[in-house]
Amino acid sequence: MARAASALRRYLLLLAQEHLEFRLPEITSLLSLYDGQFSGEQEIRVNSPFWILNIPSEEMARGLMKRTVCAKSIFELWGHGRSAGELYASLKSYPTDKMLPYLQSDSTYKVHIHTFNKTLTQAQKIKKIDALEFLPFKGKVSLKNPEHIFWILEDYGMDPNNVPEEPFHLYFGRWIADGQRELIESYSVKKRHFIGNTSMDACLSFIMANHGRVKPNDVVYDPFVGTGGLLISSAHFGAYVCGTDIDYNTIHGLGKASRKNQKWRGPDENIRANLRQYGLEKYYLDALVSDSSRPIWRKGMLFDAIITDPPYGIREATRRTGSQKETVKSAERSTENHIFVSSNYHLSDIFFDLLKFAAEYLVMGGRLVYWLPIYRPEYVFLISDTQKRSFPATRA
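Residues numbered from 1 in each chain as written. Predicted model: local features only at pLDDT ≥ 70, side-chain atom pairs only at ≥ 80, totals over all residues. Heavy atoms only, no water.

Thoughts on the overall build of the protein chain
Looking only at helices and strands, one finds 13 helices and 15 strands in the protein chain. Relative to its 396 residues, the protein chain shows a buried fraction of 45%. Summarising the internal contacts of the protein chain: among those between residues at least 6 apart in sequence, 72% fall at separations of at least 24. Put simply, the protein chain shows about 21400 Å² of open surface, and 52% of that area lies on carbon and sulfur atoms. (Helix = DSSP H or I, 4+ residues; strand = E, 2+ residues; numbered from the N terminus. Buried < 20%, exposed > 50% of the residue type's maximum accessible area, 1.4 Å probe, protein only. Contact = heavy atoms within 4.5 Å. Areas by Shrake-Rupley, 256 points an atom, 1.4 Å probe, with all protein chains shown as cover.)

Here it is, written out as structure tokens:
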């Protein structure tokens, strides 16, 4: 049952200006895990770095920030406005009893100023901080190790060639937590033990896991697993992971290396070694050589999420087992454990099979997250029409 809007508290989210088109789906997916929602007062400006959220508690806000790689920080929002006067009026109307626990005489604090699309001088920053003297601060200022950090955030718009004198929006709040942007560097493909030509960027891998609402003890499957980059991000969030791939050499870590100045892969270059590198081996179930067009799994709802990056036929070939001249008769005659000659696997067939597989093997409420090469003017109509006609089980 949804919580009443009055029971929710307002928070300000400061977002990174990267992968703009994926930020809203990621935050929306994570909010659904924590009973949060976007503020009804705000029209979401998709490209803006500032979003106002309604979340039931500070604990849940911290939980959101333990997951997101699209957001930098979150703040308990005390006031906001389109001018300094509006901001001050908003702050004066904020309940004093909610402020006082963080303004006690035995506490320490500092005020930080963040501006988007404009740089302020130190004198300008000090002037803005001094203008907040009406707030009942009683503690001592500590610039190095404060107990509480308050932020003034100013939005000067998106046009670097036309920066206004005054900000379009101003916000003031108490810092709560930072997001997981450091994961982008610590899980960088450049430092990974086992990589391939199409190993997924670390940031995008975590975004996909968040889109899939991956939770501890989920079972996550990648039917085009490659070097296992998408398994790593799901395992980081506590899910048990498995995958399949038609490429025997990739699954077993054999053949030519993808690294510069390295001809062949080493003896311990494989998916398991990648998860071991990050201390995630306990979440690794297995990776099998298998053709995604011929599911090997028993019938039933097995997976909490299917997260994958299908081949497009550009850097990796699209293949499935079976020759172009394969007949039913020859298939019936084949009784040995035999890998058929591979044939072309058209992109439309890949996604048809993937949607069909998800409809049959995802648990109720499970999510399918995948990359799709598109021609923008046509893809919205094409995908929605395909789902309505062929896969009603995949509808939201």
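Let's talk about the nonpolar core
The nonpolar side chains of a soluble globular protein tend to be buried with one another. Ranked by internal contacts, the top residues of the largest apolar core, which has 36 residues, are Y187, I271, L275, L280 and I307. Elements that contribute at least two residues to this core include exactly α6 (182-186), α7 (202-211), α8 (229-236), α10 (271-277), β11 (284-289) and β12 (303-308). Counting residues per element, this core draws most heavily on α7, which supplies 7 residues. In this structure, I271 is in contact with F194, V225, G226, T227, G228, L231, I251, Y284 and A287, ignoring residues within four places of it in sequence. Counting 18 residues, the second largest nonpolar core, distinct from the first, contains L87, Y94, L132 and F150. (Core = buried A, V, L, I, M, F, W, Y, C linked by side-chain atoms within 4.5 Å.)

Points about the pattern of salt bridges
Between side chains of opposite charge, a pair can form when the charged atoms approach closely. Within this structure, the stated rule accounts for 14 salt bridges. The closest approach of N and O atoms between E360 and K299, which form a salt bridge, is 3.4 Å. Of the two residues, E360 sits in helix α12 (residues 347-361) while K299 sits in the loop between β11 and β12, which places them 61 residues apart along the sequence. E360 sits in the partly exposed class, given a relative accessible area of 34%. In this structure K299 comes out as exposed when scored by relative accessible area, which is 63%. (Salt bridge = Lys/Arg side-chain N within 4 Å of Asp/Glu carboxyl O.)

Here's the deal with the pairing of strand β5 (residues 108-116)
Extensive coverage of β5 is indicated by the burial of 7 of its 9 residues. The sheet contact formed by β5 and strand β6 (residues 140-141) spans 2 bridges and is parallel. If you follow T108 over to β6, its bridge partner there is K140. One ladder, built from 8 bridges, connects β5 with strand β7 (residues 148-155); its direction is parallel. Its bridge partner lying in β7, V111 is registered against F150. (Pairing = 2+ DSSP bridges.)

Description of unusual backbone geometry
Working note: non-glycine residues mostly have negative phi, and peptide bonds are mostly trans. One non-glycine residue, N117, adopts positive backbone phi at about 75 degrees. Checked against the element boundaries, N117 lands in the loop between β5 and α5 (122-130).

A few points about the confidence of the model for the protein chain
Note: predicted coordinates in regions of low pLDDT should not be interpreted at a detailed level. Per-residue pLDDT for the protein chain averages 87, and the proportion of residues at 70 or more is 84%. For residues 327-336, every residue scores under 50 in pLDDT, and the model assigns this stretch 2 contacts once sequence neighbours within four places are set aside. (pLDDT = per-residue confidence, 0-100.)

Side note on the packing of helix α1 (residues 20-33) against α7
Running from N to C, α1 and α7 cross one another at 45 degrees; their axes reach a closest spacing of 8 Å. By the angle class used here, α1 and α7 are oblique. The chirality of how α1 crosses α7 is left-handed. On the side of α1, the interface is formed by F22, P25, E26, S29 and L30, while α7 contributes L204, I207, N210 and H211. Counted by class, the contact of α1 with α7 contains 5 nonpolar, 3 polar and 1 charged residues. (Axes fitted to C-alpha atoms, helices over the stretch in contact; angles between N-to-C directions. Parallel < 35°, antiparallel > 145°, perpendicular 65-115°, else oblique. Left-handed = near helix turned anticlockwise from the far one by under 90°. Nonpolar A, V, L, I, M, F, W, Y, C, P; charged D, E, K, R; others polar.)

Some words on the environment of V163
Structurally, the position occupied by V163 is in the loop between β7 and β8 (169-178). Once the C-alpha coordinates of V163 and K118 are considered, the two residues, 45 residues apart in sequence, prove to be 7.1 Å apart. Leave out the neighbours within four places in its chain, and V163 touches N117, K118 and Y156.

Let's talk about helix α2 (residues 58-65)
Along α2, the residues that are buried comprise E58, A61, G63, L64 and M65. The inward-facing, buried residues of α2 contact β1 (9-15), α1, β3 (50-55), β4 (71-81) and β8.

Topic: a nonpolar patch on the surface
Residues Y248, L254 and V289 make up a contiguous nonpolar surface patch of about 260 Å² in total accessible area. Summarising the element assignment, L254 is placed in the loop between α9 (248-252) and α10. Assessed through its relative accessible area of 39%, L254 is described here as partly exposed. (Patch = residues over 30% accessible without salt bridge, like charges linked within 9 Å, V, L, I, M, F, W, Y side chains within 5 Å.)

Concerning the sheet that holds β8
Spatially, the 8 strands line up as an open sheet ordered β2-β3-β1-β4-β8-β7-β5-β6, and their pairing is mixed. Of all strands in the sheet, those with a lone pairing partner are β2 (37-38) and β6, marking the two edges. As judged from the 8 bridges shared by β4 and β8, these two strands associate in the antiparallel manner. By the bridge assignment for β8, S73 is matched with D178. Along the sheet face, α5 touches β5 and β7 and points at about 125 degrees away from the line of β5.

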